[in-house]
Amino acid sequence: MDKLERDAAAWNPAQYLKFGGERLRPGYELLARIDDDLPLGPAYDLGCGTGEHARAIATRWPDRGVTGLDHSADMLKKAAAAPKPTNLSWQQADVAGWSPPPTPPALIFSNATLHWLPDHGALFPRLMQMIAPGGTLAVQMPGNFRAPSHTLIRDLALTPKYRPKLGVLTEPGGSLRDDLVQTPDFYYGALAPLAAAGGIDLWQTTYMTALTGERPVLEWIKGSILRPALDRLDQSERTAFEDELAARLAGAYPRRADGITLFPFRRIFMVARRG
Ligand SMILES: C[S@@+](CC[C@H](N)C(=O)[O-])C[C@H]1O[C@@H](n2cnc3c(N)ncnc32)[C@H](O)[C@@H]1O
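Fair warning: this is a prediction, and the values are worked out from it, not measured in the lab.

1. Observations concerning the overall build of the protein
Along its length, the protein carries 12 helices and 7 strands. By the compact-globule yardstick of 19 Å for 275 residues, the protein fits well, its C-alpha radius of gyration being 19 Å. In terms of overall dimensions, the protein has C-alpha extents of about 55 × 40 × 40 Å along its principal axes. For the protein, the residues scored as buried account for 38% of the 275 residues in total.

2. Describing helix H7 (residues 148–157)
Of the residues making up H7, those classed as buried are Ser 149, Leu 152, Ile 153 and Ala 157. End-on, the buried residues of H7 take up no more than an arc of 135°, which puts them together on one face.

3. Digging into helix H9 (residues 184–191)
Taken together, the buried positions of H9 are Tyr 187, Ala 190 and Leu 191. Down the axis of H9, the smallest arc covering the buried residues is 85°, so these residues share one side. Each element contacted by the buried residues of H9 is listed here: helix H6 (120–130), strand E6 (195–211) and strand E7 (261–274).

4. A look at the environment of Gly 167
On the secondary structure map, Gly 167 appears in the loop between helix H8 (163–166) and H9. Setting aside its immediate chain neighbours within four residues, Gly 167 contacts Ala 157 and Leu 158.

5. Here we look at the pairing of strand E5 (residues 136–142)
Counted residue by residue, E5 has 7 buried out of 7 residues, so it is predominantly covered. Side chains Thr 136, Ala 138, Gln 140 and Pro 142 of E5 all project onto a buried face; the interleaved residues Leu 137, Val 139 and Met 141 project onto the opposite face, where all are buried too. Between the parallel elements strand E4 (residues 107–111) and E5, the chain passes through H6 in a crossover that is right-handed. Both E5 and E7 contribute to a ladder of 7 bridges, which runs antiparallel.

6. Some points on the sheet that holds E4
With mixed pairing, the 7 strands of this open sheet are ordered in space as E3-E2-E1-E4-E5-E7-E6. Bordering the open sheet on either side are strand E3 (88–92) and E6, each of which pairs with just one other strand. The mean inter-strand angle of the sheet, taken between neighbouring strand axes irrespective of direction, is 15°. In this fold helix H5 (residues 73–81) packs onto strand E2 (66–70) and E3, with an angle of close to 165° to the strand it touches most, E3. Where H9 meets the sheet, its contacts fall on E6 and E7, and the angle it forms with E6 comes to roughly 150°.

7. Section: the pairing of E7
Most of E7 is tucked away: 10 of the 14 residues are buried. Where E6 meets E7, 13 bridges bridge the pair, whose relative direction is antiparallel. The residue of E7 that forms the bridge with Leu 211 is Thr 261.

8. Side note on unusual backbone geometry
You will see that Ala 112, though not glycine, has its phi angle at about 60°, which is positive. On the secondary structure map, Ala 112 appears in the loop between E4 and H6. The class of Ala 112 is buried, set by 21 C-beta atoms lying within 10 Å. Backbone geometry at Asp 119 places phi at a positive 55°, although glycine is not the residue there. When you line up the elements, Asp 119 lands in the loop between E4 and H6.

9. Here's the deal with the packing of H7 against helix H12 (residues 235–252)
It is at 10 Å that the axes of H7 and H12 come closest, and there the two elements cross at 140°. Relative to H12, the element H7 lies oblique. Considering only the axes of H7 and H12, their crossing is right-handed. Contact with H7, carried on its side by Pro 148, Ser 149, Leu 152, Ile 153 and Leu 156, involves Phe 241, Glu 244, Leu 245, Arg 248, Leu 249 and Ala 252 of H12 and no other residues of that element. Its residues placed into classes, the contact of H7 with H12 shows 8 nonpolar, 1 polar and 2 charged.

Parameters and conventions
Residues numbered from 1 in each chain as written. Predicted model: local features only at pLDDT ≥ 70, side-chain atom pairs only at ≥ 80, totals over all residues. Helix = DSSP H or I, 4+ residues; strand = E, 2+ residues; numbered from the N terminus. Rg over C-alpha atoms; globule rule 2.2 N^0.38 Å. Buried ≥ 20, exposed ≤ 12 C-beta atoms within 10 Å, placed from the backbone. Arc of directions from axis to C-beta. Contact = placed C-beta atoms within 7 Å. Right-handed = clockwise from strand over helix to strand, strands pointing away. Pairing = 2+ DSSP bridges. Axes fitted to C-alpha atoms, helices over the stretch in contact; angles between N-to-C directions. Parallel < 35°, antiparallel > 145°, perpendicular 65-115°, else oblique. Left-handed = near helix turned anticlockwise from the far one by under 90°. Nonpolar A, V, L, I, M, F, W, Y, C, P; charged D, E, K, R; others polar.

Here's what the structure looks like:
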């Protein structure tokens, strides 16, 4: 993973967890769709972040080793600060070059991470191939790169005022690059040859998150997609960029009379059992 990609997928744990409940919910919903009955073997949470789902996995399957893996030292530091089950450990590594130790995993779980990695046509079969027969690959990814919350940042970044500093982020590997997430049909096709008969559960959902506050969508994206752009600006540029973006976002996500801003967020889920 090069520097641009690393920056794109780097996180600020405090800002990310400002909306912790909403952000963690899809991972718990994914977890709820995994059968209890897994074959022998360890479990991995790829891109575990601050470790909530990895802790839940380790608690649900107390008799197997669980590893929460992330490339961010900050996220892992926050993960390690909370108490954890004894069968859970943390590992700093890049999912892109990762392969598990010799015992095949019974479960590979990944919530809101794999959308940062390229070439899903190779990545998803590669992960599926690692899994023990009868084991599970469970993945959730945002499917919202074409939503205004993303396209408006990109549009603003490409204006003459910001392009010299932010244009690079729209290139491959940058946080404002084109969407890497494919259609559900694509994932079905990538996983089916390696899955058990009838073993793919695939769905998508648009969460309608009710946000409050003056600049709610801006606050949300500051914990994720917007952060690498803000990091490249000095303080006065950052304030101007945020002001301008907030005005554009307010047009795309109007505040209701009761003060709530509804923020639609599409997510794609898959739980695939290895044949
Ligand atoms: C949106 S956060 C999700 C964290 C956690 N899974 C959750 O649901 O709260 C994405 C996480 O993926 C990690 N990440 C992104 N790309 C990665 C990569 N190539 N290898 C390892 N971790 C990665 C980031 O550091 C971050 O912690």
